[in-house]
Amino acid sequence: MTVQTLHVERFIWHNLLNCYLRELQPPTRQVGRDLHIELPRTHQLLKVALQSADPLQFGEQIWLKVHHQWHPTRWQEVGEVLARELTAQTGEENPEFLHQLEESARFTLRFLQDASPAPQDSYLHSEQSLTLGHRFHPTPKSRSGSLSSWEKYSPELKTRFVLRYFAVQEAYFETNAPDLTRFEHENIKAPEGYRLLPAHPWQARLALAQPAIKQALEKGILLDLGEGSVHYAPTSSIRTLYREGHPWFYKFSLHARITNCLRKNAHYELTGAALLTEHMRPVLQDLAQVFPETRVLLEPAYCTVKLDTHSKEYLGMLLRENPAPDLRDGEALVLCATLTDEAAQHPAHLSRVSSKDLLPWWKAYLRQTVAPVLHLFFQHGVVLEPHLQNVLIVLRDGLPAQAIFRDLEGTKVLPEHHSDLLQNAPQEVRKAITYDRDQGWKRVAYCLLVNHLLEVGKGILIQNPQLKQDAWQALADEVEAHQQKFGAEPELQDLLSGSPLPGKANLLNRWQRQADREAGYVPVANPLKELR
């Protein structure tokens, strides 16, 4: 079924119900092909049509019971009744919530209506295919600023644009890697005595209004060189840009709230990514001995201006390795989130895998994604964040053949494994890159299992529900194989025994306006429990 045949507004309330059911776990009852959902504190009742009960898929219609009668309702009213229920259950109000919901809905509906041609670059096509985004986030497409201000810069609209460039006096140019930050791939040069500094054009507009930056321009410390002529394309994160054949992604600051967070490169994140890159090299050498196909993308260089902290963050950028130029014939690089996005029109989408190939495809996918993450955590104390948007999969003749993990900003380490790194790191960096073992495992379990594999597994089962037992047994087999090779771990024993998994509480986190790092977890049903 294509997007054109769907009642597109359903995607908005689908997300709200996904979050509400997972995080608040209200009483529910299936009546025929409908699911009745209680809002116990406000004494209201919703009814939603089901496309399937297992795996759970909502249909296109939703009703609210008013005066003992069912009335069709829309996402706006669903948001309002859930907001009242959340206020009653938490004792807190959030006047921003409905505005953010409307913001996300406005962007989502615009993206669903867009008819821009897909990029010819298959990898870029996958990055720009996340029309809907995270299914368990109440406002997955919210971003501060008007819709018109993002028209040129939203990946969902298949955009490309040129960068803005500054020249920085050499004494005021900060970098950890002078050779890597010469930007020789750009068709614009800095005057003698200056260094070139690219900027995202959306961010540059904000930066030019900052007092310290305005003063630096007046003094000639900074020169505004204007726009270049080389086009870059936004990837799914919006702020990380891609160019075919270029060795680096450019990861810029955006002082915009996108979903939960202000997407800036904090000054300690710039230095932290560089420190982690150097520290990770021997770890990744060991990983390559055990899992030669696995790759973690390094972020070996940052640059910014040596002004105040605020200015550093406005103009700071990171360089991340680009694996696309390394592809061989017969290989395709795909963002994993695209495999399951309901509105994605990409040739690698799971709906295009033939029924007979689904189980072999899934087993190959598990071989690439599970063991390397567990090895890094248990053997090296490295906490990746392998959620769907942080993992790329290389398909070789259609089958998963390599997993590529990215985003060192989200990567953490366990202190007991990395005392040498933490001893020499500044305090802010040390705090930003460490988790204790419990925090680390919850993050790995959430990102890898709940956010990622449960979603891809659901995509498999939507195509063929008869594979349920075999699909989850294949996951259990991968975990068992890891323990046989490297030894038993209590967390993995709990996983195999069917203990609930940690699900990040995105709705409650958004409602209570907590920092992403402080987000709580709720128990999520573990599909391995049914194997016991």
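All of these numbers come straight from a predicted model, not from anything done at the bench.

With that settled, the discussion passes to the nonpolar core. The biggest cluster of nonpolar side chains holds 85 residues, and the ones touching the most others in it are Trp-361, Trp-362, Tyr-365, Leu-453 and Leu-475. Of the residues that make up this core, three or more belong to each of domain 2 (160-269) and domain 3 (328-530). For Tyr-365, the contacting residues outside a window of four places in its chain are Cys-336, Leu-339, Ile-393, Pro-400, His-452, Leu-453 and Val-456. Within the second largest apolar cluster, 42 residues are counted, among which are Leu-147, Tyr-153, Ala-199 and Tyr-232.

A few words now on the sheet that holds strand 16 (residues 317-321). What links the strands of a sheet is backbone hydrogen bonding, and the strands pair in either a parallel or an antiparallel sense. The strand order across the open sheet formed by eight strands is 7-15-16-11-10-9-6-8, and the pairing between neighbours is antiparallel. With partners counted over all chains shown, the strands left at the sheet margins are strand 7 (173-175) and strand 8 (194-199), one partner each. Strand-to-strand twist of the sheet, defined as the mean angle between neighbouring strand axes without regard to direction, takes the value 30°. As paired strands, strand 9 (residues 222-234) and strand 10 (residues 240-242) are joined by two bridges and run antiparallel to one another. Among the inter-strand pairings, Pro-234 is bridged to a residue of strand 10, identified as Leu-241. The strands touched by helix 8 (residues 267-290) are strand 15 (301-305) and strand 16; relative to strand 15, the strand with the most contacts, the crossing angle is about 155°.

This part covers the packing of helix 10 (residues 358-380) against helix 13 (residues 437-463). With their axes 12 Å apart at the nearest point, helix 10 and helix 13 run at an angle of 175° to one another. In terms of axis orientation, helix 10 runs roughly antiparallel to helix 13. Residues Leu-358, Trp-361, Trp-362, Tyr-365, Leu-366, Thr-369, Val-370, Val-373, Leu-374, Phe-377 and Phe-378 of helix 10 form the contact with helix 13, whose own contacting residues are Arg-437, Gly-440, Trp-441, Val-444, Leu-448, His-452, Leu-453, Val-456, Gly-457, Ile-460 and Gln-463. Tallied by class, residues from the contact of helix 10 with helix 13 come to 16 nonpolar, five polar and one charged.

This part takes up the sheet that holds strand 5 (residues 69-72). What the five strands build is an open sheet, ordered 1-2-3-4-5; its pairing is antiparallel. Two strands close off the open sheet at either side, each with one partner strand: strand 1 (28-31) and strand 5. The sheet shows a mean angle of 35° between the axes of neighbouring strands, taken without regard to direction. Two strands pair when backbone bridges link them, and strand 1 and strand 2 (residues 34-39) are joined in this way by four bridges, in the antiparallel orientation. Its bridge partner being in strand 2, Thr-28 is matched across the sheet by Ile-37.

The domains assigned to the chain are domain 1 (3-113), domain 2 (160-269) and domain 3 (328-530). Here the C-alpha centroids of domain 2 and domain 3 sit 32 Å apart. Per-residue buried area on domain 2 facing domain 3 is highest for Ser-236, Asn-260 and Tyr-268; these three make up 56% of the total on that side. Inspection of the region where domain 2 meets domain 3 yields three salt bridges. The interface formed by domain 2 and domain 3 holds five residue pairs in polar contact (both at pLDDT 80 or more) in total. With three residues, the top contributor of residues to the side of domain 2 that touches domain 3 is helix 8. Looking at the side of domain 2 that touches domain 3, its residues break down into two nonpolar, five polar and three charged.

Another point: the pairing of strand 23 (residues 521-524). Burial of the side chains of strand 23 is restricted to one face: Val-522 and Val-524 are buried, whereas none of Tyr-521 and Pro-523 on the reverse face is. The sheet contact formed by strand 22 (residues 501-504) and strand 23 spans four bridges and is antiparallel. Bridge pairing in strand 23 links Lys-504 to Tyr-521.

Conventions adopted
- Residues numbered from 1 in each chain as written.
- Predicted model: local features only at pLDDT ≥ 70, side-chain atom pairs only at ≥ 80, totals over all residues.
- Heavy atoms only, no water.
- Core = buried A, V, L, I, M, F, W, Y, C linked by side-chain atoms within 4.5 Å.
- Buried < 20%, exposed > 50% of the residue type's maximum accessible area, 1.4 Å probe, protein only.
- Domains from an automatic or database assignment.
- Contact = heavy atoms within 4.5 Å.
- Pairing = 2+ DSSP bridges.
- Helix = DSSP H or I, 4+ residues; strand = E, 2+ residues; numbered from the N terminus.
- Axes fitted to C-alpha atoms, helices over the stretch in contact; angles between N-to-C directions.
- Parallel < 35°, antiparallel > 145°, perpendicular 65-115°, else oblique.
- Nonpolar A, V, L, I, M, F, W, Y, C, P; charged D, E, K, R; others polar.
- Buried area = accessible area lost by both parts, 1.4 Å probe.
- Salt bridge = Lys/Arg side-chain N within 4 Å of Asp/Glu carboxyl O.
- Polar contact = N/O pair within 3.5 Å; in protein donor to acceptor, adjacent residues only side chain to side chain.

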